[in-house]
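A closer look at the structure
This is what each chain is made of:
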Amino acid sequence: MTTQPEITAAGLPGMSASHRNLFLLLLAIVAVAPFLAYPLLVIKVLCFGLFALSLNLMLGNLGLLSFGHAAYFGLSSYAAAHAAKVWGFTPEFALGFAVLVAVVTGAVFGALCVRRQGIYFAMVTLAFAQMIYFFSLQAPFTGGEDGIQNVPRGALFGLFSLQSDMALYALVAVVFFVAVLALYRITWSPFGQVLRAIRDNEPRAISLGYRVDRYKWTVFVLAAGFAGLAGGLKAISFQLASLTDVYWGMSGEVVLMVMIGGMATFFGPLIGALLVIWMQNELAAFGAWVTIVQGLVFMACILVFRKGLLGTIADRLGLKV
Amino acid sequence: MSDDIVLKATGLTKDFKGFRAVDAVNLNVQRGSVHALIGPNGAGKSTCFNLLTKFLTPSAGTITYDGRDITRLKPEVIARMGLVRSFQISAVFGSMTALENVRIALQRRRHGDSWDFWRSQKVLARLEDEAMDLLDQVGMTGFAREQASDLSYGRKRALEIATTLALDPKVLLLDEPMAGMTQEDVARITTLIARVAVGRTVLMVEHNLSVVATLCDRITVLARGAILAEGSYDEVSKDPQVINAYIGVPNG
Ligand SMILES: Nc1ncnc2c1ncn2[C@@H]1O[C@H](COP(=O)(O)OP(=O)(O)OP(=O)(O)O)[C@@H](O)[C@H]1O
Ligand SMILES: [Mg+2]
């Protein structure tokens, strides 16, 4: 996200033509994908894509690497699952509750994390995520090792059943697309501009009078909220909330997705998520080898595509994505 | 003479793990003056700046700005009160264009904090004329759309000055604003500082003594953390202690 949208002829920095085209392309892909692949597989990609974008809101714009982002993803998947299954919430309320839980947790943890710099920030976020993991393991309502299973998908607004995968897909696709647009807007808002100033030179931003810690906190909360939305969507879609989604390995995986796609781009994390999920799916039969292949791909990406897949390709073509 | 002091430090001291970088400095900066802080390398000038703008916490001493004790305030709060600093090591926002660098300062001044994450940054386009004007003042019009990290060192310094001026500060603290600039740039920036100093107070660290002689009303000489001499350029440059400590003082 270091790159700017192009300056349009009028001199206004709005959404550039190339970004508009990319959004149209994304819309087209999201629209046809469930006819070309299993809808549930595509849903998985969308959930993780959103999760990866939420991480990159903080990493790409502020340069803050959270190593515990799964806390918000996983905790919210429990929240949505619990709300839908035990309280009988309709999907939209279950999702709303999931986001609320992520935002509140992010607000508390964020306040404690944002004063740390660099590696300490990564460590503190990981520590808090581990707390959430143990909470998820021990709490009476999370189902321990089993997680929360058989979560009902329910009916949207109590009216439209999500029982069919296509109906579910429609909901996920719309939520995903609106969330991506919102993330894009945040990135290129006056607020987002301040974030990049802080990333580039924090003392200078302070000397201009910006209250840097509050910006970091706000982004932390926003990133948690979007991660929570992704986690909630995943729980409703797969009718399951489990420890996998709060495990530190999941925090690492989402970092991997962002790095593979390119953290200096807006759309890169989506490519990263697609690639990682696709790899896991293709290699599922090989069991433990998945991890090794993933590690190799990650290394290759770091070595060959230093700015991530999309970042490097965009650089070569002189595009800003 | 001493009744209108805008920035005052009393007994300002900073210890770094047993090493005293600034030692009981008393500084009185008069409102509307251009005040120079000079001294050999490692004298503690930048540390003083960091203390005055609260980027460092003093080990002892107090700082008053506009009659208000600011010793315990945060650096961003002080900046908002109109006491704005630049840095010795050029501090620009590298990934942004020169125009955006200036605009981000204007944005703070005009919009306060920008929590408006739901708005398009098109609202910032309104600030661009003013940003261009500031760039023009430092001779950077032609580089407005260039990425700041690609600019030469001297241009980065010029950009920094434009960015600082964008905040319309009451007191400017400039840490070696002309380091690394060409002769021509030095002349331009000297004129600029003289111009913007009208109605403002400037405290500057500068090694270029002809600049100091041209611009500054009052000079404080710092050596090994302590004040060695203070006065007008003529007074200070004749001081034998200063000549002794500050190698490079030209005659007169
Ligand atoms: N953070 C720090 N920790 C330890 N020592 C420091 C620190 N900052 C500065 N010093 C030391 O304090 C002394 C004063 O440094 P300072 O940067 O203030 O000098 P200066 O007068 O600005 O010099 P120059 O002309 O080279 O910029 C130096 O000896 C420096 O090594
Ligand atoms: Mg210095």
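Just above, that's the structure.
Okay, so let's go over this structure. Position labels on residues start from 1 in each chain and follow its written sequence. For this description, chains carry letters from A and ligands carry numbers from 1, given in the order in which they are written. Reporting in this predicted model follows two pLDDT cut-offs: at least 70 for local features of residues, and 80 or more for side-chain atom pairs to be given and counted; totals over whole chains, interfaces and linings ignore these cut-offs and use all residues. As a rule here, side-chain values come from all non-hydrogen atoms in the structure, and water together with hydrogens is ignored.

1. As for the overall build of chain B
Elements are defined by DSSP. Helices are runs of H or I of four residues or more, strands are runs of E of two residues or more, and each kind is numbered from the N terminus. Secondary structure summary: chain B contains 9 helices and 10 strands in total. In this description the radius of gyration comes from C-alpha coordinates, and the expected globular size is given by 2.2 Å times residues to the power 0.38. Relative to its length of 252 residues, chain B is compact, with a C-alpha radius of gyration of 18 Å against a globular reference of 18 Å. Three exposure classes are used, based on accessible area relative to the maximum for each residue type with a 1.4 Å probe and protein chains only: buried under 20%, partly exposed in between, and exposed over 50%. Evaluated residue by residue, chain B yields a buried proportion of 55% over its 252 residues. For the area figures, the Shrake-Rupley method with a 1.4 Å probe applies, and any residue is considered shielded solely by the protein chains shown. For chain B, the accessible surface area stands at approximately 10,700 Å², while carbon and sulfur atoms represent 49% of it.

2. Focus on the pairing of strand S8 (residues 201-205) of chain B
For S8 of chain B, the buried fraction is high: 5 of the 5 residues fall into the buried class. Crossover connection from strand S7 (residues 171-175) of chain B via helix H6 (residues 183-196) of chain B to parallel S8 of chain B: handedness right-handed. With the strands pointing away from the viewer, any crossover whose connection runs clockwise from the first strand over the helix to the second is right-handed.

3. As for the sheet that holds strand S9 (residues 218-223) of chain B
Residues and elements named next belong to chain B. Strand pairing is defined by DSSP finding a minimum of two bridges between the two strands. Overall, mixed pairing links the 6 strands, which are arranged S6-S7-S8-S3-S9-S10 in an open sheet. Looking along the sheet, the strands with just one partner apiece sit at the ends: strand S6 (83-85) and strand S10 (226-231). This sheet shows a mean twist of 15° between the axes of neighbouring strands, independent of strand direction. In this description, a line fitted to the C-alpha atoms serves as the axis of each element, helices being fitted only across the stretch in contact, and the angle between N-to-C directions of two axes falls anywhere from 0 to 180 degrees.

4. Section: the pattern of salt bridges
Residue and element names in this part refer to chain B. By convention in these notes, a salt bridge is any Lys or Arg side-chain nitrogen within 4 Å of a carboxyl oxygen on Asp or Glu. Inspection of the entire model under this criterion finds 19 salt bridges over all chains. With a shortest N-O distance of 2.8 Å, Asp 15 and Arg 20 are connected by a salt bridge. Between Arg 145 and Glu 128 there is a salt bridge, with the nearest N and O atoms lying 4.0 Å from each other. Of this pair, Arg 145 sits in the loop between helix H4 (128-137) and helix H5 (153-166) while Glu 128 is found in helix H4, placing the two residues 17 residues apart along the sequence. With a relative accessible area of 49%, Arg 145 lands in the partly exposed category. What makes Glu 128 buried here is its relative accessible area of 9%. Here the salt bridges share partners, and the residues they tie into one network are Asp 4, Arg 31, Asp 66 and Lys 170.

5. What to know about a nonpolar patch on the surface
Patch definition: residues above 30% relative accessible area lacking any salt bridge, with like charges linked at up to 9 Å and the nonpolar side chains Val, Leu, Ile, Met, Phe, Trp and Tyr linked at up to 5 Å. Together, Phe 286, Trp 289, Ile 292, Leu 296 and Met 299 of chain A give the surface a local cluster of nonpolar side chains, amounting to about 580 Å² of exposed area. The class for Ile 292 of chain A is partly exposed, based on a relative accessible area of 45%.

6. Things to note about the state of the cysteines
Residues and elements named next belong to chain B. Cysteine sulfur atoms are paired as a disulfide whenever they come within 2.5 Å of each other. By the definition in use, this model includes 0 disulfides over all chains. Sulfur of Cys 48: no disulfide; nearest cysteine sulfur belongs to Cys 216 and is 16 Å away. For Cys 48, a relative accessible area of 1% translates into the label buried.

7. What to know about the site of ligand 1
All names here are of chain B. Any residue with at least one heavy atom within 4 Å of a molecule or strand is counted as near it. Around ligand 1, the surrounding shell holds 13 residues, and the nearest of these are Gly 42, Lys 45, Ser 46, Thr 47 and Gln 88. Contact between ligand 1 and Ser 46: an oxygen atom at 2.8 Å from a side-chain N or O atom of the residue. For ligand 1, the protein covers 62% of the area, taking 630 Å² as the surface of the free molecule. Mapped by element, the contributors of at least two residues to the shell around ligand 1 are strand S2 (19-30) and helix H1 (45-52). Considering each element in turn, the shell around ligand 1 owes the most residues, 3 residues, to H1. Following the grouping adopted for this structure description, the nonpolar residues are Ala, Val, Leu, Ile, Met, Phe, Trp, Tyr, Cys and Pro, the charged ones are Asp, Glu, Lys and Arg, and the polar ones are all others, Gly among them. When its residues are assigned to classes, the shell around ligand 1 shows 4 nonpolar, 7 polar and 2 charged. The term polar contact refers here to a pair of N or O atoms within 3.5 Å; inside protein, the definition further demands a hydrogen-donor-capable atom paired with an acceptor-capable atom, and it admits residues adjacent in sequence only when both atoms are side-chain atoms.

8. Some remarks on the pairing of S7 of chain B
Residue and element names in this part refer to chain B. Of all 5 residues making up S7, 5 are buried, and the element is well covered by its neighbours. Burial along S7 is two-sided: Val 171, Leu 173 and Asp 175 facing one way and Leu 172 and Leu 174 facing the other are all buried. The pairing of S6 with S7 spans 3 bridges and is parallel. Directly across from Val 84, in S7, lies its bridge partner Leu 172. Across 5 bridges, the pairing between S7 and S8 is parallel. Bridge pairing in S8 places Leu 173 opposite Leu 203.

9. Section: the sheet that holds S2 of chain B
Residues and elements named next belong to chain B. With respect to topology, 4 strands assemble into an open sheet ordered S2-S1-S4-S5, the strand pairing being antiparallel. A single partner strand is all that each edge strand has here, and the edge strands are S2 and strand S5 (68-69). Pairing geometry for strand S1 (residues 5-16) and S2, over 8 bridges, is antiparallel. Counterpart to Lys 8 in the pairing with S2 is Asn 28.

10. Re the environment of Leu 159 of chain A
All names here are of chain A. Tracing the backbone shows Leu 159 in the loop between strand S1 (155-156) and strand S2 (160-161). Look at Leu 159 and you get exposed, because its relative accessible area is 65%. Distance from Leu 159 to Arg 20, taken between C-alpha atoms, is 34 Å for residues 139 residues apart in sequence.

11. So, the packing of aromatic side chains
Ring geometry is summarised as follows: Phe, Tyr and Trp rings, the Trp one being its six-membered ring, pair when their centres sit within 6.5 Å, and such pairs are stacked at plane angles under 30 degrees, edge-to-face over 60 and tilted between the two. The full count for this structure, using the stated rule, is 20 aromatic pairs over all chains. The interplanar angle of 45° and the centroid separation of 5.4 Å between the aromatic rings of Phe 48 of chain A and Phe 73 of chain A together place this pair among those described as tilted. Note that Phe 48 of chain A is positioned in helix H2 (residues 39-62) and Phe 73 of chain A in helix H3 (residues 70-85), a separation of 25 residues in sequence. For the pair shown, Phe 48 of chain A and Phe 73 of chain A are each scored as buried. One aromatic cluster is present, formed by Phe 23, Phe 177, Tyr 184, Phe 266 and Phe 267 of chain A through successive ring pairs. One residue, Arg 85 of chain B, lies across the ring of Phe 55 of chain B, its end atom 5.0 Å from the ring centre. Taking the ring centre of Phe 87 of chain B as reference, the NZ or CZ of Arg 85 of chain B above it sits at 4.1 Å. Throughout this description, the term charge over a ring refers to an Arg CZ or Lys NZ atom that lies within 6 Å of the ring centre and within 35 degrees of the ring normal.

12. What about the packing of H2 of chain A against helix H6 (residues 165-187) of chain A?
All names here are of chain A. Where H2 meets H6, the closest approach of the two axes is 10 Å, and the angle between their N-to-C directions is 15°. Classified by the interaxial angle, the pair formed by H2 and H6 is roughly parallel. H2 and H6 meet at a crossing whose hand is left-handed. Residues Pro 39, Leu 40, Val 42, Ile 43, Leu 46, Leu 50, Leu 53, Ser 54, Leu 57 and Asn 61 of H2 pack against Asp 165, Met 166, Leu 168, Tyr 169, Val 172, Ala 173, Phe 176, Ala 179, Val 180, Leu 183, Ile 186 and Thr 187 of H6. Class assignment for the residues of the contact of H2 with H6 results in 18 nonpolar, 3 polar and 1 charged. Angles below 35 degrees are treated as roughly parallel, those above 145 as roughly antiparallel, those between 65 and 115 as roughly perpendicular, and all remaining angles as oblique. Here a crossing is taken to be left-handed if its near helix is turned anticlockwise relative to the far helix by less than a right angle, and right-handed if that turn runs clockwise. Residue contacts are counted whenever heavy atoms from the two residues lie within 4.5 Å of one another.

13. Points about unusual backbone geometry
All names here are of chain B. Located in the positive-phi region is Lys 17, a residue other than glycine, with phi close to 40°. Mapped onto the fold, Lys 17 is located in the loop between S1 and S2. A relative accessible area of 90% means that Lys 17 is categorised as exposed. If you check the backbone angles, Asp 168 has positive phi at about 50° while not being a glycine. Relative to the assigned elements, Asp 168 resides in the loop between H5 and S7.

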